[in-house]
Amino acid sequence: MASPDLLLRRALFAGCLTLLGMSCVLMWMAKSFERRSAATVAVLSEFISKDASPSFLATKDGEILSANLAARKRFEADIEETVGGTLKNTLANPGGILFRLQTRSDTEGSAREDLVTRRGHLRLSVHHAGSEAYLWRLEDVASAQQSAEGPTLPMILVGRTNAVLYMNEQARKLAGGRIKTLDRLFKQLPVVPGTVCDITGVEGPTRALVSEVDAGAGRRALYLLPPGAETMSKDGWNVFQDLPVPLLKVSPDGDVQAYNRLAASLIGVSLKDQVHLSDLMEGLGRSITGWLSETLAGRAAQQSEFLRLKRTDKEVYVQVTLNRVTEEGKPALIAVLNDATELKSLEAQFVQSQKMQAIGQLAGGVAHDFNNLLTAISGHCDLLLLRHDQGDPDFSDLVQINQNANRAAALVGQLLAFSRKQTLRPETLDMRDTLSDLTHLLNRLVGEKITLTLSHDPVLAPIRADKRQLEQVLMNLVVNARDAMPQGGQIRIVTECTDLNEALERDRVTVPVGRYVTVQVSDDGVGIPSDKLQKVFEPFFTTKRTGEGTGLGLSTAYGIIKQTGGYIFVDSVVGTGTKFTLYFPVLEASEVPTPVEKQIEAKPAAKHGDGVILLVEDEAPVRAFASRALRLRGYTVLEADSAEAALKTLEDASLNVDVFVTDVVMPGMDGPSWVREALKERPGVRVVFVSGYAEDSFGETQIKIPNSVFLPKPFSLNDLTDTVHQQLH
């Protein structure tokens, strides 16, 4: 019989052979994968090599595996090891855009997005090519600005040798197609700028006035205008009166020398001979005379600028394109105008929406951090109050700290309401009952000089909203109405049912067809000027004097109404008054919950101290308060400062845990993610989620986790312990 040592040596030898074999197999598989990956990259690189658009083949982390010739030419100075680094001078935030598109391509196979940059409109697309490769492609697309320029003049771009380098669509139509030399179009050469020339067009001989613009690098742009006098004199502008393009003739020092009818209609009555261009338009950001001088000298970075006309009757933006021409050997400028009011309006709306979104995200983030601080402050104050009775000299100071912490929590609630990230508790409401309960408080708010009247629709349908937040909206509107009538007046609140048989389009918002409960709050106050009316819902905007308003009242009301699913509009006439109209969708009969009579039972005294709690919170002050509060109630508390630490603690199979109390948003793995992982091994454990953000921010995730409840921050000692007790029992 073999000795134990011999058997051990044989087993070790067999194990070594097995490991060696497995290593060889793994190395062979890795080499095979590398060969297949290299072959895939080679095939895809060959596929994109002839593409006229810049294309990149990159890894999942953005590392460039190959770039085609178009990409190397376009990004010759910017090309780096990653796609994001290569596009950093092209896109404002390449990292976020690339991540968004790559995430969509992982689920859909491909994704694309049209982007607006300072150099024009681009289309960035990505295709999922294999398990670890992505194909990126960048295309130039025509912008709305370019497509909205309207009718243009025939233009021919000519090189040093008079070879035709480019013709626009109008020039090709005139010539009957693409031509290579000027002698195919002009009867006599050379072409003299500022003169009327004979042209052989597709529809027969014609005449055109030729204007020349220096295009740089020895190239010239020839514009063909309707024939007139032999030179571009003022009298010659009579032929341009019916041209469908607004045109100005400007002297080198900026004085208007001539213009056509469309230019006069666009600019208005202020346009006349010898008026300076700076008296007609503004907004360049530098001297208009300097811009004209740079254009004449050929040093202008761009010959097209967006300017605002100095019209008093309405706001008009124009795109002004300057072209240098020669008149009897002297330089002059032709300004081609394009009405860009709609384009600038859309741009302003986009910038405003981006600004509001950024402020909303900032407000939500600030509110979250403040909620953590307030939880720690009010929580430790509760702990101190447990050790002091009312006869203690420090008791009143502690109560003041607690009350002010609650006031701060209400302020944070306003920030969350504005950013639409607060936790709503919707319930079925009858506006008549809600206003009836609120009438006494509203009468105290408006004072003796103002009369508050209420008028209700006798058949008012129910709505679904958070009663406390809705009362806050109504109080904000009534207080604003009161402040608009310092000498007294009347505030009217009218509720009624409204049927919209067709969609209501107003203030860039579309209210869908359906039944709505409307609430109108109107006053006889001073009114709001029209130029400020569209800004009343912006945060920190107020029409009150300094120190009289924070500018958060109406923005908070707007956030609450939108989060509820409603709409709010404002109408105002200066000197007459202001009316706010609120739309709430009617709760249909099938959606109205049937009231169930609850048996009133005496609640047994809460029994604490019979459970093990795993507390997971990354904020040390909040964790310290929560653990002390739970231990005071007799619970056994296990602490973890991260999700990863919590999962490490739960690796001990002998450990019995009854309730998880966890923050939602933490560095690394978030609350719902680690709880789902933990419940695989411990399916019976109940969960309490706590967060400074709203419940709606992860509501769908919470629904998928059984036996879980949400406790918003800031919470008190009793809130926490009672919630844990309810989960246990």
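Residues numbered from 1 in each chain as written. Predicted model: local features only at pLDDT ≥ 70, side-chain atom pairs only at ≥ 80, totals over all residues. Heavy atoms only, no water.

### Details of the overall build of the protein chain
Here comes step 1: Counting secondary structure elements, the protein chain contains 19 helices and 30 strands.
Here comes step 2: Buried residues in the protein chain amount to 41% of all 729 residues.
Here comes step 3: Taking all contacts inside the protein chain whose residues are at least 6 apart in sequence as the whole, residues at least 24 apart take part in 54%. (Helix = DSSP H or I, 4+ residues; strand = E, 2+ residues; numbered from the N terminus. Buried < 20%, exposed > 50% of the residue type's maximum accessible area, 1.4 Å probe, protein only. Contact = heavy atoms within 4.5 Å.)

### Details of the sheet that holds strand 28 (residues 659-663)
Sheet strands line up and pair through hydrogen bonds in the backbone, either parallel or antiparallel.
Here comes step 1: The strand order 27-26-28-29-30 describes an open sheet built from five strands, whose pairing is parallel. A strand with exactly one partner marks an edge of an open sheet, and here the two such strands are strand 27 (636-640) and strand 30 (708-712). In this sheet, adjacent strand axes meet at a mean angle of 20° when their direction is disregarded.
Here comes step 2: Bridge count for strand 26 (residues 612-616) against strand 28 is four bridges, and the pairing is parallel. Bridge pairing links Ile613 to Val659 in strand 28.
Here comes step 3: Strand contacts of helix 15 (residues 620-632): strand 26 and strand 27, with the helix running at about 165° to strand 27, the strand carrying the most contacts. (Pairing = 2+ DSSP bridges. Axes fitted to C-alpha atoms, helices over the stretch in contact; angles between N-to-C directions.)

### Points about the side chain of Thr581
Here comes step 1: Examined against the element boundaries, Thr581 turns out to sit in strand 25 (residues 577-585).
Here comes step 2: Those residues in contact with Thr581 that sit more than four places away from it in its chain are Val519, Gln520, Tyr567, Ile568 and Phe569.

### Here's the deal with the pairing of strand 28
Here comes step 1: With five of five residues buried, strand 28 is to be regarded as a mostly interior element.
Here comes step 2: Across the two faces of strand 28 the burial is the same, with Val659, Val661 and Asp663 and Phe660 and Thr662 all buried.
Here comes step 3: In the sheet, strand 28 pairs with strand 29 (residues 686-691) via five bridges, with the strands oriented parallel. Along strand 29, the bridge assignment pairs Phe660 with Val687.
Here comes step 4: Handedness of the strand 28-helix 17 (residues 671-679)-strand 29 crossover: right-handed. (Right-handed = clockwise from strand over helix to strand, strands pointing away.)

### Brief notes about the pairing of strand 2 (residues 64-67)
Here comes step 1: As paired strands, strand 1 (residues 55-59) and strand 2 are joined by three bridges and run antiparallel to one another. The partner of Ala58 across the bridge, within strand 2, is Ile64.
Here comes step 2: Turn length for the strand 1-strand 2 hairpin, with the two strands adjacent in sequence and antiparallel, is four residues, and the turn residue Gly62 shows positive phi of about 90°.

### Quick notes on the packing of helix 11 (residues 431-446) against helix 12 (residues 467-483)
Here comes step 1: Closest axis-to-axis distance for the helix 11/helix 12 pair is 10 Å, and the angle between their directions is 40°. The angle between helix 11 and helix 12 places the two elements in the oblique class. Helix 12 is crossed by helix 11, and the crossing has right-handed handedness. Contact with helix 11, carried on its side by Met431, Thr434, Leu435, Asp437, Leu438, Leu441, Leu442, Leu445 and Val446, involves Lys467, Leu470, Glu471, Leu474, Met475, Val478, Val479 and Arg482 of helix 12 and no other residues of that element.
Here comes step 2: Taken together, the residues of the contact of helix 11 with helix 12 break down into 12 nonpolar, one polar and four charged. (Parallel < 35°, antiparallel > 145°, perpendicular 65-115°, else oblique. Left-handed = near helix turned anticlockwise from the far one by under 90°. Nonpolar A, V, L, I, M, F, W, Y, C, P; charged D, E, K, R; others polar.)

### Some details on the packing of aromatic side chains
Here comes step 1: Using the criterion set out here, one finds five aromatic pairs in the structure.
Here comes step 2: Their ring planes at 80° and their centres at 6.0 Å tell us that Tyr516 and Tyr583 sit as a pair that is edge-to-face. Residue Tyr516 is found in strand 23 (residues 514-522), and its partner Tyr583 is found in strand 25; the two are separated by 67 residues along the sequence. Summarising the burial analysis for this pair, Tyr516 and Tyr583 share the class buried.
Here comes step 3: Three or more aromatic residues link up through ring pairs in this structure, and these residues are Tyr516, Phe569 and Tyr583. (Phe/Tyr/Trp six-rings, centres within 6.5 Å; stacked < 30°, edge-to-face > 60°.)

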